[in-house]
Amino acid sequence: GAKSVENFSSLLEDDMDDEDEEEKRNETSKAEVEASIKERAGRISQILFVYAREHPEMGYRQGMHEILSNVLLALEMDLLEQTITMERTRWTRDSLCFGLPKKGGGEG
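Parameters at a glance
- Residues numbered from 1 in each chain as written.
- Predicted model: local features only at pLDDT ≥ 70, side-chain atom pairs only at ≥ 80, totals over all residues.
- Heavy atoms only, no water.
- Helix = DSSP H or I, 4+ residues; strand = E, 2+ residues; numbered from the N terminus.
- Buried < 20%, exposed > 50% of the residue type's maximum accessible area, 1.4 Å probe, protein only.
- Areas by Shrake-Rupley, 256 points an atom, 1.4 Å probe, with all protein chains shown as cover.
- Expected span 1.5 Å × (residues − 1).
- Salt bridge = Lys/Arg side-chain N within 4 Å of Asp/Glu carboxyl O.
- Core = buried A, V, L, I, M, F, W, Y, C linked by side-chain atoms within 4.5 Å.
- Contact = heavy atoms within 4.5 Å.
- Patch = residues over 30% accessible without salt bridge, like charges linked within 9 Å, V, L, I, M, F, W, Y side chains within 5 Å.
- Lys, Arg positive; Asp, Glu negative; His and termini not counted.
- Charge placed at Lys NZ, Arg CZ, Asp CG, Glu CD.

## Side note on the overall build of the protein
When helices and strands are counted, the protein shows two helices and zero strands. Residue burial in the protein is summarised as follows: out of 108 residues, 6% are buried. As displayed, the protein offers around 10000 Å² of accessible surface, 58% of which is attributable to carbon and sulfur atoms.

## Structural notes on helix α2 (residues 64–97)
With 34 residues, α2 ought to run about 50 Å at 1.5 Å a step, and its terminal C-alpha atoms sit 49 Å apart, in line with that. Along α2, the positions that sit buried rather than exposed are Met64, Leu68 and Leu72.

## Re the pattern of salt bridges
Evaluated as defined, the whole model comprises seven salt bridges. Two residues, glutamate 39 and arginine 43, come together in a salt bridge whose shortest N-O distance is 2.8 Å. Remark: arginine 43 and glutamate 39 occur in helix α1 (residues 2–54); sequence separation between them is four residues, near one turn of the helix. Here aspartate 94 and arginine 90 are joined by a salt bridge, their closest N and O atoms 3.4 Å apart. With aspartate 94 and arginine 90 both in helix α2 and four residues apart, this pair spans about one turn of that helix. One connected set of salt bridges, linked through shared partners, spans Glu39, Arg40, Arg43 and Glu76.

## As for the nonpolar core
Counting five residues, the largest nonpolar core consists of Ile44, Leu48, Met64, Leu68 and Leu72. The set of elements that each furnish at least two residues to this core consists of α1 and α2. Broken down by element, the residue count for this core peaks at three residues, all from α2. The residues touching leucine 72, leaving out its near neighbours within four places in the chain, are Ile44 and Ile47.

## Considerations on a negative patch on the surface
On the surface, a cluster of negative charge is contributed by Glu13, Asp14, Asp15, Asp17, Asp18, Glu19, Asp20, Glu21, Glu22, Glu23 and Glu27. Tracing the backbone through its elements, the reader meets glutamate 27 in helix α1.

## Let's talk about a nonpolar patch on the surface
A contiguous nonpolar surface patch, about 350 Å² in accessible area, is contributed by Leu73, Met77, Leu80 and Ile84. The residue leucine 80 is located in helix α2 in this model. Judged by its relative accessible area of 46%, leucine 80 is partly exposed.

## Thoughts on the environment of isoleucine 44
Along the chain, the position of isoleucine 44 falls in helix α1. Looking at isoleucine 44, the relative accessible area reads 10%, which means it is buried.

Pasting the structure below:
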């Protein structure tokens, strides 16, 4: 009776808390994405400004930001791939060496 209603109410509250936490995570994620977009746009603007200043005969042409955006994306993907490879290598090395005696640290 009253106990099962109380348990059900408690479950609903827990579920609502979980939904609130997920909503907070989504808001944080959206804010991070928006900040990343602004940062990237700022970086592209700076690069194109310097390029136009250093190459006045060419200046800025329509579409340069689209090309640069793809170049930056490719560079970021390469960096991410290198970082993942280095982490996997380190993890593999560490897991293989786990439990082995250290060099020069013998007992005796």
